[in-house]
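Coordinates in review
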Amino acid sequence: MDLERLFIFNLKKWRKNRGLSQKTLAERCDASHSYIRQIESGKGYPSFAFIKKLADALNIEPYLLFFDETAVKSGRVMPSEQIQTLKTALLKKVARDIHITFEKLEK
């Protein structure tokens, strides 16, 4: 499962586990309901700061939004290998976010 689909899957899972609607989660994150809907449908991509807000609103650590428990349980990926894969993917995303931010600043 790619990182974005995994994030969406986990966000929905944790939101539902907490008994929260998209609207309630949005209110807890000081965001619009439509933004949460966009994220959960794969049409919107949150910043790292917003991922932290989501995790806080769900009362979980941010890494749990990227954790692939099925891969660990099935033995396809060992936790340390998954952490390295996650680290690499997140570093790429951070680099992309930084690049985008600098491009906006240069304009």
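Coordinates for the structure precede this section.
Residues numbered from 1 in each chain as written. Predicted model: local features only at pLDDT ≥ 70, side-chain atom pairs only at ≥ 80, totals over all residues. Heavy atoms only, no water.

What to know about the packing of aromatic side chains
- Within this structure, the stated rule accounts for 3 aromatic pairs.
- Ring plane angle 70° and centroid distance 5.0 Å describe the contact between Tyr35 and Phe50, whose orientation is recorded as edge-to-face. Taken together, the positions of Tyr35 in helix α3 (residues 33-40) and Phe50 in helix α4 (residues 48-58) put the pair 15 residues apart, joining distant regions of the chain.
- A relative accessible area of 24% places Tyr35 in the partly exposed class.
- According to the relative accessible area criterion, Phe50 is buried, its value standing at 9%.
- Sitting over the face of the ring of Phe48, Lys93 holds its NZ or CZ atom 5.7 Å from the ring centroid. (Phe/Tyr/Trp six-rings, centres within 6.5 Å; stacked < 30°, edge-to-face > 60°. Helix = DSSP H or I, 4+ residues; strand = E, 2+ residues; numbered from the N terminus. Buried < 20%, exposed > 50% of the residue type's maximum accessible area, 1.4 Å probe, protein only. Lys NZ or Arg CZ within 6 Å of the ring centre and 35° of its normal.)

Structural notes on the pattern of salt bridges
- What the rule picks out here adds up to 4 salt bridges.
- One salt bridge connects Glu40 with Arg15, and the closest N-O pair in it is separated by 2.7 Å. Pair noted here: Glu40 is in helix α3 and Arg15 is in helix α1 (residues 3-17), with a separation of 25 residues, a long-range link.
- Here Glu40 falls in the buried class, since its relative accessible area comes to 4%. (Salt bridge = Lys/Arg side-chain N within 4 Å of Asp/Glu carboxyl O.)

Quick look at the environment of Ile83
- Residue position: Ile83 is located in helix α6 (residues 79-106).
- The exposed category is assigned to Ile83, whose relative accessible area is 55%.
- A sequence separation of 50 residues divides Ile83 from His33, and the C-alpha atoms of the two residues are 31 Å apart.

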